[in-house]
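Spelled out, the chains give:
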Amino acid sequence: MSMSVDQEIYFEQKGQLGVILLNRPKALNALTHEMAIALHTKLDDWAADNTVQAVLIKGAGEKAFCAGGDIVKLYNEGKAGGDYPYRFYEDEYKCNAAIKHFPKPYIAFMDGIVMGGGVGVSVHGSHCIATERTLFAMPESGIGLFPDVGGTYFLPRCPGEIGMYLGLTGARLKAADTVYAGVASTYVQSVNLDGLEQSLASMQFSKDPHGDIDQLIAVYAEQTETPPLEEYRAKIDKHFSADSVEGILASLDEAGDEWAVKTAAGLRSKSPTSMKVTCRQIRSGASKTFDDCMKLEWRMVNRIIKGHDFYEGTRAVVIDKDQKPVWSPATLEDVKDEDIDSYFTPLAAGDLDI
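Residues numbered from 1 in each chain as written. Predicted model: local features only at pLDDT ≥ 70, side-chain atom pairs only at ≥ 80, totals over all residues. Heavy atoms only, no water.

**Q** Summarise the pairing of strand E2 (residues 9-14); cite the residues concerned and give the values.
**A** Sheet topology places E2 next to strand E3 (residues 17-22); six bridges connect them, and they run antiparallel. Bridging across to E3, Lys14 finds its partner in Leu17. Joining the antiparallel neighbours E2 and E3 is a turn of two residues, in which Gly15 adopts a positive phi near 60°. (Pairing = 2+ DSSP bridges. Helix = DSSP H or I, 4+ residues; strand = E, 2+ residues; numbered from the N terminus.)

Laid out in structure tokens, this is it:
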């Protein structure tokens, strides 16, 4: 077993399987800058290594696969005006792209909390496995950010308007809903993951490794319960099909049922800028390639780092935990179209080189 980055991430080869362990259980395996670089480097090695036919990524401990990025450091360094946030996001996004383009099967055990940065190192792989402990969310609009790490690509490709709903509300999904939304490909009970890993490690691969993995996972796969999202699907598709946040809120307000009222109240608590940026992001991502989506996110995050709401949202939710962010601008009406345009315009320094 090779260790790196102060043992925050482990790499091991078992048979023809490369195994990645995110190893910060006390921090819910949150992704650091160093972990993102180490993961990308190892994937490049394994892509070229004929003795590795597939890759598995999993998290240490019982609670989380990976609960996001190292947000406290981003907050502290960004507030101090350092270049760390730029370096972190650049290398994280490049790592996300390396996973998306990885030429071999990439299996993620989404066992426990999977949020933000954890989504970026799982959902772009070929096989995403949910368990009864899975708790998925993209909660970025609540801290003045936007659903990044490839959300621009995968959210508009969820069924109907589920991606817009998830991106704006930060709704938390359990196993059945992650499969229904297309975030996870399969459901396996967590008690069976060790057996699945052992089977993967002892596997003799054919010329079709992806097909081999499909067949093996099918042995362990089980049906989920009825996804709760299914019950609200018609409402989600109706209300979240509007092309503006104001349109979505107007539709929810007009409906006035308990679900609509609760959903609208949740939206109104989030950063107005983030919501408008997210709405534009998800609509534009629908027709873009993955790499173009990541280039767009790099433009957007550069503006976020220089802005106000990310620091205020992180302060309110993560640092002081008073849950009382003071957004600026404070209302949707105060966020002008030209303000939002500026998040998507090319950077003087150029696009991300993926």
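**Q** Describe the packing of aromatic side chains, listing the residues and the values that go with them.
**A** Within the structure shown, the criterion is met by 11 aromatic pairs. Measuring from centroid to centroid gives 5.3 Å for Phe88 and Tyr89, while their planes differ by 90°, and the two rings are edge-to-face. The pair Phe88 / Tyr89 is uniform in exposure class, with both members buried. Connected via pairs of aromatic rings, a cluster forms that spans Tyr84, Phe88, Tyr89 and Tyr93. For the cation-ring pair, Lys73 lies above Tyr84, with the distance from its terminal atom to the ring centre recorded as 4.5 Å. (Phe/Tyr/Trp six-rings, centres within 6.5 Å; stacked < 30°, edge-to-face > 60°. Buried < 20%, exposed > 50% of the residue type's maximum accessible area, 1.4 Å probe, protein only. Lys NZ or Arg CZ within 6 Å of the ring centre and 35° of its normal.)

**Q** Kindly report on the pairing of strand E4 (residues 54-59), identifying the contributing residues and their values.
**A** Side-chain direction in a regular strand flips from residue to residue, so the side chains alternate between the two faces of the sheet. Where burial is concerned, most of E4 is hidden: five out of the six residues are buried. By the bridge criterion, three bridges tie E4 to strand E6 (residues 106-110) in an arrangement that is parallel. By the bridge assignment, Val55 is partnered in E6 with Tyr106.

**Q** I'd love a proper account of the sheet that holds strand E7 (residues 113-115), names of residues and values included.
**A** A sheet is described by the order of its strands in space; here three strands give the open sequence E5-E7-E9, paired in parallel fashion. Each edge of the open sheet is held by one strand with a lone partner, namely strand E5 (64-66) and strand E9 (135-137). Averaged over all neighbouring strand pairs, the angle between strand axes comes to 15°, with direction disregarded. (Axes fitted to C-alpha atoms, helices over the stretch in contact; angles between N-to-C directions.)

**Q** Tell me what's going on with the packing of helix H6 (residues 162-169) against helix H13 (residues 272-285), and back it up with residues and numbers.
**A** Between H6 and H13, the shortest axis-to-axis distance is 9 Å and the interhelical angle comes to 155°. Put simply, H6 runs roughly antiparallel to H13. Relative to H13, H6 is oriented so that their crossing is right-handed. Touching Gly163, Met164, Gly167 and Leu168 of H6 are Met275, Thr278, Cys279, Ile282 and Arg283, all from H13. In terms of residue class, the contact of H6 with H13 is built from five nonpolar, three polar and one charged. (Parallel < 35°, antiparallel > 145°, perpendicular 65-115°, else oblique. Left-handed = near helix turned anticlockwise from the far one by under 90°. Contact = heavy atoms within 4.5 Å. Nonpolar A, V, L, I, M, F, W, Y, C, P; charged D, E, K, R; others polar.)

**Q** Describe in detail the pattern of salt bridges, supporting the description with residues and values.
**A** Using the criterion set out here, one finds 18 salt bridges in the structure. Asp111 is the salt-bridge partner of Arg133, the closest N and O atoms lying 2.6 Å from each other. Of this pair, Arg133 sits in the loop between strand E8 (127-130) and E9 while Asp111 sits in the loop between E6 and E7, and the two are 22 residues apart along the sequence. Judged by relative accessible area, Arg133 falls into the partly exposed class, the value being 31%. As a salt-bridge pair, Asp253 and Arg268 come within 2.6 Å of each other at their nearest N and O atoms. Separated by 15 residues along the polypeptide, Asp253 in helix H11 (residues 245-255) and Arg268 in helix H12 (residues 258-268) bring together distant segments of the chain. By relative accessible area, Asp253 is classed as partly exposed at 41%. (Salt bridge = Lys/Arg side-chain N within 4 Å of Asp/Glu carboxyl O.)

**Q** Got a sec to walk through the nonpolar core? Specific residues and values, please.
**A** By size, the foremost hydrophobic cluster in this structure holds 91 residues, and its most contacted members are Ile20, Leu39, Tyr89, Tyr106, Val121 and Phe240. If we ignore the near neighbours within four places in the chain, the residues touching Leu39 are Ile9, Phe11, Ile20, Ile57, Cys95, Ile99, Tyr106 and Val121. Core analysis: the second largest hydrophobic core is formed by 18 residues, Val19, Ala54, Phe109 and Leu196 among them. (Core = buried A, V, L, I, M, F, W, Y, C linked by side-chain atoms within 4.5 Å.)

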